[in-house]
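Next come the chains, spelled out residue by residue.
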Amino acid sequence: MSDARYQMFEEIQRERGINVEEAKQMLKKLAVETPSWGYGDSGTRFKVFQKEGVPRNPFEKFEDAAQVQKYTGASPSVAIHIPWDKVEDYSQLRQHAESLGLKVGAVNPNLFQEPEYMLGSITNSNKKVRRKAIDHLLECVDIAKEVGSEIISLWLADGTNYPGQADIRKRKNWMEEALRETYDKLDDHMRLLIEYKFFEPAFYHTDLADWGMAYNTAMKLGPKAEVLVDLGHHPQGTNVEHIVAYLLDEKRLGGFHFNARKYADDDLIAATTNPYELFLIFSQILSALRDEDHPEVQKTARRISYMIDQSHNIEPKIPAMIRSILNIQTYYAKALLINWDELVKAQGEQDVLRAENIVREAFEQDVTPLLNAVREEMNVPQDPIKAFLESGYLEKIRVRGIGGASW
Ligand code: LRH
Ligand code: MN
Ligand code: MN
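A quick note: this is a predicted structure, and the numbers were derived from the prediction, not measured. (Residues numbered from 1 in each chain as written. Chains lettered and ligands numbered in written order. Predicted model: local features only at pLDDT ≥ 70, side-chain atom pairs only at ≥ 80, totals over all residues.)

Before going further, it helps to spend a moment on the overall build of the chain. On a plain count of helices and strands, the chain comes out with 16 helices and 12 strands. Over its C-alpha atoms the chain spans a radius of gyration of 22 Å, differing by no more than 12% from the 22 Å that the globule rule assigns to 407 residues. For the C-alpha atoms alone, the extent of the chain along its principal axes is close to 65 × 55 × 40 Å. Considering only intrachain contacts with a sequence separation of at least 6, the fraction spanning at least 24 residues in the chain is 78%. (Helix = DSSP H or I, 4+ residues; strand = E, 2+ residues; numbered from the N terminus. Rg over C-alpha atoms; globule rule 2.2 N^0.38 Å. Contact = placed C-beta atoms within 7 Å.)

Below, the structure written as structure tokens:
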């Protein structure tokens, strides 16, 4: 890139002691998986809005996801949710994905929609229901093997609404038995990512309510089980970057579900309400990546699965997904501009204000010239949303009509 704005950016960063070439390489490697369900119709418990042009089946969801990849170059895989993405022949889905330049990403079992699961799936006191739920988990491991995915990403909606409704400890043991059976079916290169959420749909207790429970469960299962952090799944005010640092150090951070929240699990476009949090999360990951004294921590940080988990209720879905990718890149880029040597020095000198300033100063940098340069080198448009909107794709998919896939 030769424009004046980039030259100035490079000069400013050089003066700040930042290696811009290295930041560019890191940015080019950032891959964020998009969720199949983010392309379908969604809503709140008050209304699911039906939009024109929404994919009618899993194959069309992949076609929409391919647009996000085409204009960003940063979203080469798509997570699927079973049975939302149930197809007759999964090898066909895999081929379709590959023909679009995509991979099938994490396979998400769905243990929350069958009527039998109303009082719990793998924690249900009825053995037959537990068996059905475990069989679904095992089926998802088979599907993952067929589509070439290494990841089973599990979120458990199980919980209760009232004190006394069920035996919490019995449910914990049933959950552990079910996950053991699932874990034992994984191939060696596969991973089970365990998500947690402190409430919703259950309002009194949730069987996997927080990162500590997910971590403990992963530890009991073994090294192929790791924790998945969904940014919408914590009580207000939780220090998520602290959880990230802790799990990295324990070598159990498996992945993220990126989104934004204001009040609860709002599933909004990433970084729209929580940009500094996202930046601080990336700064913890970058700190782990450069920690040469702890190669296992570095290894954990290197293989984190970055995924988006959003529901686009009122906004057009494909541009919203592109917006999330762009926002994630922006806050990652800013974190890449932290001067780590200076930070370590300030920490060593116990200079609180200087240390805080070094971190915040990186956040305050304008990374537009850097992102433009990276996009030019990656052969994607400088303004991916504008390019997508001008491409005519939205007009083309109108033939799908309304009444597409929804959750
Ligand atoms: C639960 C959740 C989980 C589901 C997805 C649709 O709130 O975050 O990851 O699988 O939403
Ligand atoms: Mn999630
Ligand atoms: Mn969620």
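Now for the site of ligand 1. Within the structure, ligand 1 sits among Trp 37, Asn 108, Trp 155, Glu 195, Lys 197, Asp 230, His 257, Asp 265 and Asp 309. Tallied by class, residues from the shell around ligand 1 come to two nonpolar, two polar and five charged. (Near = placed C-beta within 6 Å. Nonpolar A, V, L, I, M, F, W, Y, C, P; charged D, E, K, R; others polar.)

The contact between helix H9 (residues 275–289) and helix H11 (residues 317–335) brings their axes to 8 Å, and the two run at 55°. Considering their axes alone, H9 and H11 lie oblique with respect to each other. Judged by the sense of rotation from one axis to the other, the crossing of H9 with H11 is right-handed. Here Pro 275, Leu 278, Phe 279, Phe 282, Ser 283 and Leu 286 of H9 come into contact with H11, specifically with Tyr 331, Tyr 332, Lys 334 and Ala 335. For the contact of H9 with H11, the per-class residue count stands at eight nonpolar, one polar and one charged. (Axes fitted to C-alpha atoms, helices over the stretch in contact; angles between N-to-C directions. Parallel < 35°, antiparallel > 145°, perpendicular 65-115°, else oblique. Left-handed = near helix turned anticlockwise from the far one by under 90°.)

The side chains of a regular strand alternate, first on one face of the sheet and then on the other. Here strand E6 (residues 151–154) shows a buried face lined by Ile 151 and Ser 153 and a second buried face lined by Ile 152 and Leu 154. In terms of strand pairing, E6 meets strand E8 (residues 191–195) through four bridges, oriented parallel. Across the sheet, residue Ile 152 finds its bridge partner in E8, namely Leu 192. (Buried ≥ 20, exposed ≤ 12 C-beta atoms within 10 Å, placed from the backbone. Pairing = 2+ DSSP bridges.)

Checked against the element boundaries, Met 190 lands in the loop between helix H6 (168–184) and E8. Met 190 gets classed as partly exposed once you count the C-beta atoms within 10 Å, which come to 17. When sequence neighbours within four positions are dropped, the list of residues in contact with Met 190 reads Ala 144, Glu 150 and Lys 224.

The sites that UniProt annotates as "domain: Xylose isomerase-like TIM barrel" (unreviewed entry) are residues 88–267. Segment residues 88–267 splits into 38% helix and 18% strand. End C-alpha atoms: 30 Å apart. (UniProt positions renumbered as here; feature names shortened; annotations may be inferred.)

For an α-helix, 3.6 residues make a turn, and residues three or four places apart therefore share a direction. Residues Pro 369, Leu 370, Ala 373, Val 374 and Arg 375 constitute the buried set of helix H14 (residues 368–377). Those residues of H14 that are buried are in contact with helix H1 (4–15), helix H2 (20–29) and H11. Backbone geometry just after H14 places Asn 379 at a positive phi near 65°.

Let's shift gears to the nonpolar core. For soluble globular proteins, nonpolar side chains are generally found buried alongside one another. Ranked by internal contacts, the top residues of the largest apolar core, which has 105 residues, are Ile 194, Val 227, Val 229 and Val 244. Considering each element in turn, this core owes the most residues, 11 residues, to H11. Setting aside anything within four residues of it in sequence, one finds Val 229 in contact with Trp 211, Val 240, Ile 243, Val 244 and Phe 256. (Core = buried A, V, L, I, M, F, W, Y, C linked by C-beta atoms within 7 Å.)

With that settled, the discussion passes to helix H3 (residues 58–72). The end-to-end C-alpha distance of H3, which contains 15 residues, comes to 21 Å, matching closely the 21 Å that a straight helix rising 1.5 Å per residue would cover. Across the 15 residues that make up H3, a large majority, 11, are buried. Among the residues making up H3, those that are buried are Pro 58, Lys 61, Phe 62, Asp 64, Ala 65, Ala 66, Gln 67, Val 68, Gln 69, Tyr 71 and Thr 72. Trailing H3 by a residue or two, Gly 73 shows a phi angle of about 65°, which is positive. (Expected span 1.5 Å × (residues − 1).)

For the rest of this paragraph, the subject is the environment of Ala 288. If you trace the backbone, Ala 288 turns up in helix H9. Classification of Ala 288 as buried rests on a count of 23 C-beta atoms within 10 Å. Considering only alpha carbons, one finds Ala 288 and Ala 320, 32 residues apart in sequence, at a separation of 30 Å. Excluding residues that lie within four positions of it along the chain, Ala 288 makes contacts with Leu 248, Val 297, Gln 298 and Ala 301.

Interaxial distance between helix H12 (residues 340–348) and helix H13 (residues 352–363) falls to 8 Å at its minimum, and their mutual angle equals 160°. Judged on the interaxial angle alone, H13 and H12 are roughly antiparallel. Once H12 is placed against H13, the crossing between them reads as left-handed. Counting all contacts with H12, which are made through Glu 342, Leu 343, Ala 346 and Gln 347, the residues of H13 involved are Arg 354, Ala 355, Ile 358 and Val 359. Tallied by class, residues from the contact of H12 with H13 come to five nonpolar, one polar and two charged.

Ile 82 connects to Pro 83 through a cis peptide bond whose omega is 15°. Take Pro 83: it is sitting in the loop between strand E4 (77–82) and helix H4 (90–99). Between Glu 200 and the following residue, Pro 201, the backbone shows a cis peptide bond with an omega angle of 10°. Turning to its location among the elements, Pro 201 is positioned in the loop between E8 and strand E9 (205–206). Unlike most non-glycine residues, Ala 271 shows phi in positive territory, near 70°.

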